[in-house]
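Chains, contacts and geometry: an overview
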Amino acid sequence: MIFSTISTYLLLPLLFHLANAAVFTIQNNCPYTVWAGAVPGGGRQLNPGQTWSLNVAANTKGARIWPRTNCNFDGSGLGRCQTGDCNGRLQCQVFGTPPNSLAEYALNQYMNLDFFDISLVDGFNVPIEFSPNSGGCTQGIKCTADINGQCPAELRAPGGCNNPCTVFKTDEYCCDSGNCGPTSLSRFFKDRCPDAYSYPKDDQTSTFTCPGGTDYRVVFCPSDAVQIADKSLDMCSRTLVLTSITNFGSVFVC
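Residues numbered from 1 in each chain as written. Predicted model: local features only at pLDDT ≥ 70, side-chain atom pairs only at ≥ 80, totals over all residues. Heavy atoms only, no water.

Turning next to unusual backbone geometry. With omega at 5 degrees, the peptide bond leading from Val 39 into Pro 40 counts as cis. In this fold, Pro 40 is placed in the loop between β2 (34-39) and β3 (42-46). In the segment running from Pro 98 into Pro 99, the intervening peptide bond is cis, with an omega of 0 degrees. Summarising the element assignment, Pro 99 is placed in the loop between β6 (79-83) and β7 (102-106). One non-glycine residue, Asn 87, adopts positive backbone phi at about 60 degrees. Position of Asn 87 among the secondary structure elements: in the loop between β6 and β7. Unusually for a residue other than glycine, Asn 112 sits at a positive phi of about 55 degrees. Its location among the elements puts Asn 112 in the loop between β7 and β8 (113-119). Take Asn 112: its relative accessible area is 31%, and that puts it in the partly exposed class. (Helix = DSSP H or I, 4+ residues; strand = E, 2+ residues; numbered from the N terminus. Buried < 20%, exposed > 50% of the residue type's maximum accessible area, 1.4 Å probe, protein only.)

This is the structure in structure tokens:
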């Protein structure tokens, strides 16, 4: 009986950990191959229509998933990507090189909430959707505009569109001092993808939450992202919550 009781107490933290882990389903709906990058997680080549299921531990923070394009890797997983390259490796251990669209997240943080966002602070290369895939949270976000085709001349890059911080590296665009606001160039991104980060201090309209333990999906080139987003806005109340946890600012709670 004593052994049984001790075993139960030892298992409780493990069971709690497993219950709050998240599964990320990464899907490529593009008509071309995309090499998904993930930290944590590594990387995976996704041909059109393929998916990758990624298990992420509870309490993970500072994490991201992103698309890489025009990659070439040898049999040992070494090579190069035109956009989103992660130090020349198929299995990413570092963040990608701009420009790349980002799905960012932190799990089981303040009040056991997951924080998630789409960020264009590293620019844009592939349309992207980031949505909860389980439980009662329904607030999906997306960025599906033709940003590459409409990219301002000074931000254009092979295979994508740079954020102005990447190009000019000034405090005005990068917020190195912590005090900056939107610019005409950041508004180019915000006007086309209002749910996404367009500059580093764009928290109030760009960070979302779900209860810890929610699963998610990240879709490259989503075909129905507009309809999903419109429906979710009717079902999810946007309540502003202020917190400084894991460098996230103002957030919306479903």
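Throughout the structure, instances matching the rule amount to eight disulfides. Note that Cys 86 is cross-linked by a disulfide to Cys 92, the S-S spacing being 2.1 Å. Between Cys 86 and Cys 92, the disulfide has an S-S torsion of -75 degrees and is therefore left-handed. When sorted by exposure, Cys 86 lands in the same class as Cys 92, which is buried. At a sulfur-sulfur separation of 2.1 Å, the disulfide partner of Cys 151 is Cys 161. With the S-S dihedral at roughly 75 degrees, the linkage between Cys 151 and Cys 161 falls on the right-handed side. Taken together, the residues span a long stretch of sequence, with Cys 151 in the loop between α2 (147-150) and β11 (156-157) and Cys 161 in strand β12 (residues 160-161) at a distance of ten residues. (Disulfide = S-S within 2.5 Å.)

Evaluation of the coordinates by the stated rule reveals nine aromatic pairs. Aromatic side chains Phe 116 and Phe 130 sit 5.1 Å apart centroid to centroid with 65 degrees between the ring planes, which places their arrangement in the edge-to-face category. With Phe 116 in strand β8 and Phe 130 in strand β9 (residues 128-132), this pair connects stretches of sequence that are 14 residues apart. The class for Phe 130 is buried, based on a relative accessible area of 0%. (Phe/Tyr/Trp six-rings, centres within 6.5 Å; stacked < 30°, edge-to-face > 60°.)

On to the sheet that holds strand β4 (residues 51-56), then. Backbone-to-backbone hydrogen bonds pair the strands of a sheet. The strands run either parallel or antiparallel. On the basis of which strands lie adjacent, the open sheet formed by five strands has the order β4-β1-β14-β9-β10 and mixed pairing. Of all strands in the sheet, those with a lone pairing partner are β4 and β10 (141-143), marking the two edges. Taking the axes of each pair of neighbouring strands and ignoring which way they run, one obtains an average angle of 15 degrees across the sheet. (Pairing = 2+ DSSP bridges. Axes fitted to C-alpha atoms, helices over the stretch in contact; angles between N-to-C directions.)

Nothing here speaks to function; it is all geometry.
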